[in-house]
Amino acid sequence: VLLAGPGLSQRGTVRRLVGRLLEAAPESLHGAVADGDALNALAATPGWHERVRVPVVLTPHPGEMARLCDASVADVQANRLRTALDYADASGQVTVLKGAHTVVASPDGRAAVSPYANPLLAVAGTGDVLAGAIAGLLAQGAAPFEAAACGVFAHAMAAETLAEGFGDRGLLASELLPELPRTLRVIVHGRPARALATAPLGGLGDLASLAGLAGGLPPR
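Residues numbered from 1 in each chain as written. Predicted model: local features only at pLDDT ≥ 70, side-chain atom pairs only at ≥ 80, totals over all residues. Heavy atoms only, no water.

Mean pLDDT over the protein chain: 85, with 86% of residues reaching 70 or higher. The lowest-confidence element of the protein chain is strand E7 (residues 216-217), averaging 39 in pLDDT; the highest-confidence one is strand E4 (residues 95-97), averaging 98. Segment residues 193-220 is flagged for pLDDT under 50; beyond a separation of four residues in sequence, or across chains, it makes 49 contacts in the model. (pLDDT = per-residue confidence, 0-100. Helix = DSSP H or I, 4+ residues; strand = E, 2+ residues; numbered from the N terminus. Contact = heavy atoms within 4.5 Å.)

Structure below.
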């Protein structure tokens, strides 16, 4: 699995690197995730999606989505579901439009909407954690849409758990990351991790079913 974007800049060399990485990725690669400045590089590379051979999960915030679509942020926010679905269709790639009630859209018309709108996730770096979570699920064999939907749900649920102690401000992205394994255990087993101290770790189960937890919507 390839994850590109977090920590990069928008220098011309970075733009060329991102394009070449995705174009050179072999078909044997299970998938890729493009986040942060990788998305800005793709926005500056017309027709990029026609030259990649692997599935790419895109994780833009509204500003990055606006650049990808050559639209305004206001237009993106005015119809988040339609914007994500249209770009997924146009690019042929799963698109995760971040923000309050994050939208996960698939090129085949499926969509899932997160039930959560947590201000803790507006902190810098939490999007990098989400990109890593999705890449990790891809690496375990999940299909792109299921990996994205499950990653979005677990990421937001972890923030909801932390909000019980933090309130709605003061979280660091580094404090969100260790909550993810505990959240996944709760999702899979239905009870807090403390009750599982002596229980064997299970798999992630049916990720297609977990994707439905994120608020599955019928196809267009």
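For the structure on display, the rule yields six salt bridges. For arginine 110, the salt bridge goes to glutamate 146, with nearest N and O atoms at 2.9 Å. With a gap of 36 residues between them, arginine 110 in the loop between strand E5 (103-105) and strand E6 (111-113) and glutamate 146 in helix H7 (residues 144-166) connect regions that are remote in the sequence. Accessibility expressed as a relative area gives 30% for arginine 110, which makes it partly exposed. Using a relative accessible area of 13% as the deciding quantity, one classes glutamate 146 as buried. Between arginine 182 and glutamate 179 there is a salt bridge; the shortest N-O distance is 3.0 Å. Note that arginine 182 and glutamate 179 are positioned in helix H9 (residues 179-189) at a spacing of three residues, about one turn of the helix. (Salt bridge = Lys/Arg side-chain N within 4 Å of Asp/Glu carboxyl O. Buried < 20%, exposed > 50% of the residue type's maximum accessible area, 1.4 Å probe, protein only.)

A separate point is the nonpolar core. Counting residues in each nonpolar core, the largest one holds 29 residues, and the members touching the most others are Val18, Leu22, Ala34, Leu42, Val56 and Leu58. Residues within four places of alanine 34 in sequence aside, it is in contact with Ala4, Leu39, Leu42, Val56, Val57, Leu58 and Thr59. Core analysis: the next-biggest nonpolar cluster, separate from the first, contains 19 residues, Leu137, Ala147, Ala149 and Cys150 among them. (Core = buried A, V, L, I, M, F, W, Y, C linked by side-chain atoms within 4.5 Å.)

To continue, consider the packing of helix H6 (residues 126-139) against H7. Interhelical geometry of H6 versus H7 gives an angle of 135° and a closest axis separation of 8 Å. Between H6 and H7, the angle falls in the class oblique. Remark: the crossing between H6 and H7 carries right-handed chirality. Together, Thr126, Val129, Leu130, Ile134, Leu137 and Leu138 of H6 and Pro144, Ala147, Ala148, Cys150, Gly151, Val152 and His155 of H7 make up the contact between the two elements. Grouping the constituent residues of the contact of H6 with H7 by class yields ten nonpolar, three polar and no charged. (Axes fitted to C-alpha atoms, helices over the stretch in contact; angles between N-to-C directions. Parallel < 35°, antiparallel > 145°, perpendicular 65-115°, else oblique. Left-handed = near helix turned anticlockwise from the far one by under 90°. Nonpolar A, V, L, I, M, F, W, Y, C, P; charged D, E, K, R; others polar.)

All right, on to unusual backbone geometry then. The phi dihedral of aspartate 70 falls on the positive side, at around 55°, and the residue is not glycine. Its location among the elements puts aspartate 70 in the loop between helix H3 (62-69) and helix H4 (73-78). For histidine 101, which is not glycine, the phi dihedral falls at a positive 60°. The topology assignment puts histidine 101 in the loop between E4 and E5. By relative accessible area, which is 36% here, histidine 101 ends up partly exposed.

Let us now look at H3. The periodicity of an α-helix, 3.6 residues per turn, causes residues three or four places apart in sequence to face the same way. The element H3 is largely enclosed, with a buried count of six among its eight residues. One or two positions beyond H3, positive phi appears at aspartate 70, with a value near 55°.

Attention shifts here to the side chain of threonine 83. You can see threonine 83 is positioned in helix H5 (residues 80-91). Owing to a relative accessible area of 14%, threonine 83 belongs among the buried residues under this scheme. When near neighbours in sequence (up to four residues on either side) are disregarded, threonine 83 contacts Met65, Cys69, Asp75 and Val76.

In this model H5 runs 16 Å from its N-terminal to its C-terminal C-alpha over twelve residues, within 8% of the 16 Å that 1.5 Å per residue would give. Against strand E3 (56-58), H3, H4, E4, E5 and E6 lie the buried residues of H5. Directly beyond the C-terminal end of H5, a positive phi value near 75° is found at glycine 92. (Expected span 1.5 Å × (residues − 1).)

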